[in-house]
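Commentary on secondary and tertiary structure
The lines below spell out each chain.
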Amino acid sequence: MAFAVVLILLVVGSILFHLLSPWTFTPLASNWSMVDVTVDITLYVTGLVFVAVNLFMAYCVIRFRYKKGARATYEPENKKLEGWLTLWTSVGVVAMLTPGLFVWAQFVDVPEEAHVVEAVGQQWHWTFRYPGADGKFGEVDAERITSDNPFGMDPDDPNGQDDVLVYSPEAHIPLGKPVKFLLRSKDVLHDFAVAEFRVKMDLVPGMDTFLWLTPTVAGRFEILCEELCGIAHHTMRGAVIVEETADYDAWLAKQNTWAMNSTMVAGNAAVGGAQYAVCAACHGQQGEGLQALNAPKLAGQSAWYLKRQLQNYKSGARGAHQDDLYGKQMAPMAAMLANEAAIDNVIAHIQTLADEAPATTVEGNVANGAKEYAICAYCHGKDGLGNQALNAPRMAGMTDWYLKRQLENFQQDIRGQHPTDFYGFQMGLMARTLYGEQEIDDLIAYLNTL
Ligand code: CUA
């Protein structure tokens, strides 16, 4: 009898949970309302069967419970009952599968006028490519992928020259126009999913997959990788910005093409040297860093990382948090670099500075730190020298007190919480794998041995 009561409570509880639960679908932001309809139909069919089967079971437990001397009748065949069960099972299965077929027919039938955006996935971030003015993508080949050519572009393909390459995991698309996302993976299985769009698709190495949609609501929608793709899978986020066509066009016009990227001139170290005089006041003449002024070592740090941080400081993606005391000092200094060329020049000068090992200031258990660093090494490298392809800067041989402060800032959401600081956000999630100050000290003590 207790069992029957539990079954009935389970049914009532499930229905109440469904009706009262605050966890519902995110609001729909695309043309794919059909997906919601099919999900609803599936829920009603399975829900109905769940209720019917469990209540029937409870009924049987009560109705046919043990009575002394009672005997069950044996009835191996019941044509009529089997007929009804077969019929209703078929109706249920057909009701669940048929709408999906209609949705799939539309899903594979991309509208002619859809414009195309390529989303490229890799462990653990997204980049995007737009076909440019000619509307045609240039050829790409995985064998050509290098740190200077992360898309594997063919330098001789005329179609590729005007391809727009977006190195940030933030794609823009115009509101109300169908868009086809071509999906490509550089390494392992990933999955491109935006909950509000309702459609998602796997990225398969060696294959081009796609999905399409017409965005119906303007806004910023998070991309989640929904295929387990390694240790930092949960940090593989991005965003799709849906905006008015005029805003989209303006954004697209500001992005660099492949031709612009490949002809970009390197910074001028001599010009940058003059500009660096201001930086030297805190960071030192040789970029060696000065703890008393909270200025980290710059010499020896990768150019791409310094550039991104300067740009983040300029845009407010870094150094805007009210508790980021030293970041707030750096932001106005970065703002003095008027444009990208000025940033490149200063960085070119920093590249010429002597890279000397700084004094160690953090003590800890090296053996423990080595174990903790195993996770960091996936991106920052076993040698701690960083890896541009994974957006991971150099950590070995840099100022240790600065690394400690940054790890703490990441843990406390002082750094990495700005919506456009994607890699900072990733690091914030990873920094949470360290518990307490001792673990941070151990990790940094190990880094000091590299
Ligand atoms: Cu990429 Cu999970």
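Here we summarise the structure given alongside this text. Values in this document were obtained by computation on a predicted structure and should not be read as measured data.

About the cut-offs
Residues numbered from 1 in each chain as written. Predicted model: local features only at pLDDT ≥ 70, side-chain atom pairs only at ≥ 80, totals over all residues. Heavy atoms only, no water. Pairing = 2+ DSSP bridges. Helix = DSSP H or I, 4+ residues; strand = E, 2+ residues; numbered from the N terminus. Axes fitted to C-alpha atoms, helices over the stretch in contact; angles between N-to-C directions. Contact = heavy atoms within 4.5 Å. Buried < 20%, exposed > 50% of the residue type's maximum accessible area, 1.4 Å probe, protein only. Core = buried A, V, L, I, M, F, W, Y, C linked by side-chain atoms within 4.5 Å. Phe/Tyr/Trp six-rings, centres within 6.5 Å; stacked < 30°, edge-to-face > 60°. Lys NZ or Arg CZ within 6 Å of the ring centre and 35° of its normal.

In spatial order, the strands read β3-β2-β1-β5-β8; together these five strands make up an open sheet with mixed pairing. At either end of the open sheet lies a strand with only one pairing partner, and these are β3 (164-166) and β8 (209-213). Sheet twist, expressed as the mean angle between neighbouring strand axes with direction ignored, is 25°. As paired elements, strand β2 (residues 125-130) and β3 share three bridges and run antiparallel to each other. Within β3, the residue paired with Arg129 across the bridge is Leu165.

Taken in spatial order, the five strands line up as β4-β10-β9-β6-β7 in an open sheet, and their pairing is mixed. Strands at the two margins of the open sheet, each flanked by one partner only, are β4 (170-174) and β7 (200-203). Across this sheet, the average inter-strand angle for adjacent strands is 25°, counted without regard to direction. As paired strands, strand β9 (residues 219-225) and strand β10 (residues 237-243) are joined by six bridges and run antiparallel to one another. Bridging from a neighbouring strand, Gly219 pairs with Val242 of β10. In the packing of helix α12 (residues 422-431) onto the sheet, contacts are made with β4, β9 and β10, and the angle to β10 comes to roughly 145°.

Before going further, it helps to examine the side chain of Glu170. Looking at the secondary structure, you find Glu170 in strand β4. A residue is classified by how much of its surface remains accessible, and Glu170, at 12% relative accessible area, is buried.

This brings us to the nonpolar core. Grouped together as the largest cluster of nonpolar side chains are 41 residues, with contacts concentrated most on Phe128, Tyr130, Phe181, Phe192, Phe197, Leu211 and Val240. Excluding its chain neighbours within four sequence positions, the residues that come into contact with Phe197 are Ala29, Ser30, Trp32, Ile173, Leu213, Phe221, Val240 and Val242. Membership of the second largest hydrophobic core comes to 16 residues, among which are Leu306, Leu310, Ala342 and Ile343.

This model, assessed by the stated rule, comprises 16 aromatic pairs. Their ring planes at 35° and their centres at 6.2 Å tell us that Phe17 and Trp23 sit as a pair that is tilted. You'll find Phe17 and Trp23 in the same group, each marked exposed. Centre to centre, the rings of Trp304 and Tyr305 are 5.9 Å apart; their planes meet at 80°, and the pair counts as edge-to-face. Each of the two residues, Trp304 as well as Tyr305, counts as buried. Among the aromatic residues, those joined into a ring-pair cluster are Trp32, Trp104, Phe107, Phe210 and Trp212. Against the face of Phe210 rests Lys180, its NZ or CZ located 4.8 Å from the ring centre.

Fair warning: the whole summary comes from geometry, so function is off the table for now.
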